[in-house]
Amino acid sequence: MNACTSPTIQDIFCDYGDEYLERFGPRMPGNHRKVLEAIRNCRRGKYGYTVYQCQKCRKCHFFQRSCGNRHCTVCQKHKSKQWLARQKARALPVSYFLITFTVPESLREFIRSNQRACYNALFKASSGALKKLALDPRFVGTDMPGFTGVLQTWGRQLQYHPHIHYIVPGGGLSKDRKQWLSSRKNFYLPVKALSPIYTEMFRQAMAEAGLLEHIHPKAWKTNWNVDSRAVGTADTSLKYLAPYIFKVGISDHRIVKVEDRKVTFSYRDKETKVDRICVVDVMEFIRRFLQHVLPDGFMKVRHFGFMSPGCKTSLDKIAELIIGLSEETDRKQRRPLKRDDSEMLDDDTIHCPDCGGVLVYIAAEIPTLTGSIILLA
Ligand SMILES: [Zn+2]
Ligand SMILES: [Zn+2]
């Protein structure tokens with residue numbers, strides 16, 4: 001790798017992956033190994049090719065296929081845009097809140113060793129606390145609030161810092177589901193009251209999982225930080241959340257250089273909002289990156305209450321209740337946020353590198369254990 005050009009995370013995995021495997025391979029969890037292999041082989045031929053033809057100059061172009069692994073830094077950007085477009089179509093015309101649930105530092109080591117059970121418990125406890133307090137008539141008084149949570153495990157320097165961000169439309173449905181009960185515009189629920197409910201629910205979940213005895217009793221006495229802020233419209237809150245959905249701890253643009261086996265990357269200081277740099281040994285960099293690989297199949301984005309796909313009252317119906325329009329009104333007029341979708345999805349079009357014409361998918365060649373298969377359009 002040339003130190004003069006900006007290295008990517010894939011470069012780092014290509015150059016140092018073998019050494020990492022040699023030194024830590026026997027102790028590596030299988031899913032970490034899978035991610036390492038996926039990243040260093042993404043769009044480098046191992047996953048086959050797709051063939052596109054230009055509609056203008058008729059020339060065929062071959063593209064190396066990506067690995068599709070959700071922890072891959074090469075793959076992530078595109079998906080994030082599609083997700084954002086889908087969520088925008090689900091936006092409601094109310095004030096939104098961003099609520100974050102963290103865990104005390106003393107518990108992080110334990111969580112890292114029991115990821116699946118603990119991540120599930122974090123979702124259960126935080127969503128349970130939100131639902132329980134939303135019931136209180138002093139706040140929203142709804143038995144059907146709705147929100148979307150995303151688990152994030154990293155801090156700015158790639159350190160292990162598990163927490164869940166929720167985007168929460170400010171209100172909920174009445175018991176008969178015929179009315180929208182609005183929260184206050186700049187206040188959803190008191191975090192001081194959320195925190196002990198969340199802590200206790202996590203404790204219960206640990207007891208159910210048979211893990212309680214491994215946690216120091218002091219952990220239940222410390223303050224579990226919960227943060228809530230009014231973020232305005234759905235649009236603003238989604239823009240805030242979207243980067244967390246498909247990003248994996250760090251993106252290429254933050255890698256400054258790799259020199260003398262040291263990776264230099266930038267991060268924004270939380271307090272001062274000033275950009276700083278962090279320098280770590282390249283093995284430590286790979287270790288920090290891989291500790292954020294989620295257990296296989298773990299769902300890190302979850303919808304609850306009226307935001308969940310299983311809710312009997314549709315989001316269209318809820319939007320109607322909020323605006324108080326009749327059922328005959330045209331859907332699109334009532335949901336102005338939807339108009340951005342087409343712009344977002346236009347990005348999917350691939351253009352000819354020679355003439356700029358639109359490329360159309362012709363076929364894909366995908367390697368398998370017994371040889372390649374060809375998929376025609
Ligand atoms: Zn062309
Ligand atoms: Zn990939």
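The residue numbers shown here count from 1 along each chain, following its written sequence. The lettering of chains begins at A and the numbering of ligands begins at 1, in the order of writing. Where totals are concerned, whole chains, interfaces and linings use all residues; where local detail is concerned, this predicted model gives features only for residues with pLDDT of at least 70, and gives and counts side-chain atom pairs only at 80 or more. The side-chain quantities take in all heavy atoms of the structure and omit both hydrogens and water.

Topic: the coordination of the zinc ion (ligand 2)
Right, so step 1: Water is absent from the atoms considered, so a metal site may look incomplete; donors are defined as N, O and S atoms within 2.8 Å of the metal, or 3.2 Å for Na, K and Ca. Around the zinc ion (ligand 2), the protein supplies C42 (SG), C67 (SG), C72 (SG) and C75 (SG) as donor atoms, at distances of 2.3 Å.
Right, so step 2: Of note is the zinc ion (ligand 2), whose 4 donor atoms meet at the metal with angles of 101 to 116 degrees in an arrangement that counts as tetrahedral.
Right, so step 3: Linear spacing of the donor residues for the zinc ion (ligand 2) on their chain is C-x24-C-x4-C-x2-C. With C42 in the loop between helix 2 (30–41) and strand 1 (49–54) and C67 in the loop between strand 2 (60–64) and helix 3 (76–88), this pair connects stretches of sequence that are 25 residues apart. For the pair formed by C42 and C67, the shared burial category is buried. In this scheme the shape depends on donor count and angles: four donors with every angle between 85 and 135 degrees give tetrahedral, four or six donors with opposite pairs above 155 degrees and others between 65 and 115 give square planar or octahedral in turn, and any other case is irregular. By the criteria applied, helices consist of DSSP H or I runs no shorter than four residues and strands consist of E runs no shorter than two, each listed in order from the N terminus. Three exposure classes are used, based on accessible area relative to the maximum for each residue type with a 1.4 Å probe and protein chains only: buried under 20%, partly exposed in between, and exposed over 50%.

Looking at a nonpolar patch on the surface
Right, so step 1: A surface patch of nonpolar side chains, amounting to about 270 Å² of accessible area, comprises V256, I277 and V279.
Right, so step 2: Its location among the elements puts I277 in strand 11 (residues 275–281).
Right, so step 3: We classify I277 as exposed; its relative accessible area is 57%. For patch detection, residues must exceed 30% relative accessible area and be free of salt bridges, and they are connected within 9 Å for like charges or within 5 Å for nonpolar side chains (Val, Leu, Ile, Met, Phe, Trp, Tyr). For every accessible area listed, the method is Shrake-Rupley and the probe measures 1.4 Å; residues are considered covered only by the protein chains on display. By convention in these notes, a salt bridge is any Lys or Arg side-chain nitrogen within 4 Å of a carboxyl oxygen on Asp or Glu.

Brief notes about the pairing of strand 13 (residues 359–368)
Right, so step 1: As paired elements, strand 1 and strand 13 share 6 bridges and run antiparallel to each other. When the bridges of strand 13 are listed, V51 appears paired with A363.
Right, so step 2: Note: two strands are recorded as paired if DSSP finds a minimum of 2 bridges between them. Across 6 bridges, strand 13 lies against strand 14 (residues 371–376) in antiparallel orientation. Paired with P367 across the strands is S372, a residue of strand 14.
Right, so step 3: Once strand 13 ends, the chain turns through 2 residues before running back antiparallel as strand 14.

Topic: helix 2
In an α-helix there are 3.6 residues to a turn, and that puts residues three or four apart on one side.
Right, so step 1: One less than the residue count of a helix, multiplied by 1.5 Å, gives the span that helix is expected to have. Helix length check: helix 2, at 12 residues, gives a terminal C-alpha distance of 17 Å against a target of 16 Å (1.5 Å per residue), a fit within 8%.
Right, so step 2: Contact criterion: two residues are considered in contact whenever any of their non-hydrogen atoms come within 4.5 Å of each other. The inward-facing, buried residues of helix 2 contact helix 1 (9–24) and helix 8 (282–290).
Right, so step 3: Within two residues after helix 2, R43 carries a phi angle of roughly 55 degrees, on the positive side.

Overview of the pattern of salt bridges
Side chains bearing opposite charge may pair, as long as their charged atoms lie close to each other.
Right, so step 1: Following the criterion strictly, the structure yields 20 salt bridges and no others.
Right, so step 2: For R112, the salt bridge is made with E109, and the minimal N-O distance between the two is 3.1 Å. Residue R112 and its partner E109 are located together in helix 4 (residues 108–113), separated by 3 residues, close to a single helical turn.
Right, so step 3: Assessed through its relative accessible area of 24%, R112 is described here as partly exposed.
Right, so step 4: With its nearest N and O atoms 3.7 Å apart, the salt bridge here joins K257 to E259.
Right, so step 5: Accessibility expressed as a relative area gives 37% for E259, which makes it partly exposed.
Right, so step 6: Counted as one network, the salt bridges with shared partners bring together D18, E37 and R40.

Thoughts on the coordination of the zinc ion (ligand 1)
Right, so step 1: Around the zinc ion (ligand 1), the protein supplies C54 (SG), C57 (SG), C352 (SG) and C355 (SG) as donor atoms, at distances of 2.2 to 2.4 Å.
Right, so step 2: Coordination geometry of the zinc ion (ligand 1): the 4 donor atoms subtend angles of 94 to 119 degrees at the metal centre, consistent with an arrangement described as tetrahedral.
Right, so step 3: As a motif over one chain, the donors of the zinc ion (ligand 1) read C-x2-C-x294-C-x2-C. One end of the pair, C57, is in the loop between strand 1 and strand 2; the other, C355, is in the loop between helix 11 (341–346) and strand 13, and 298 residues separate them in sequence.
Right, so step 4: The exposure class of C57 is partly exposed, given its relative accessible area of 37%.

Examining the packing of helix 1 against helix 8
Right, so step 1: It is the contact of helix 1 with helix 8, at a shortest axis distance of 9 Å, that shows an interaxial angle of 95 degrees. Relative to helix 8, helix 1 is oriented roughly perpendicular. Note on element contacts: helix 8 touches helix 1 through V282, M283, F285, I286, R287, F289 and L290, opposite I9, I12, F13, Y16, E19, Y20, R23 and F24. The convention used is that axes are lines fitted to C-alpha atoms, helices contributing only their stretch in contact, and that angles between N-to-C directions extend from 0 to 180 degrees. Every angle not falling under 35 degrees, over 145, or within 65 to 115 is termed oblique; those three ranges are roughly parallel, roughly antiparallel and roughly perpendicular.

Concerning helix 7 (residues 234–246)
Right, so step 1: A rise of 1.5 Å per residue sets the reference length of helix 7, with its 13 residues, at 18 Å; its end C-alpha atoms lie 19 Å apart and thus fit the reference within 8%.
Right, so step 2: To obtain the bend at a residue, axes are fitted to the seven residues ending there and to the seven starting there, and the angle between these axes is taken. The largest bend in helix 7 is about 30 degrees, located at Y240, with the proline P243 one to four residues further on.

Quick notes on the sheet that holds strand 14
Right, so step 1: Taken together, the 4 strands give an open sheet; going across it, the order is 2-1-13-14, and neighbouring strands pair in antiparallel fashion. Pairing within the sheet leaves two strands with one partner each, and these edge strands are strand 2 and strand 14. Across the sheet, the mean angle separating the axes of adjacent strands is 20 degrees when strand polarity is ignored.

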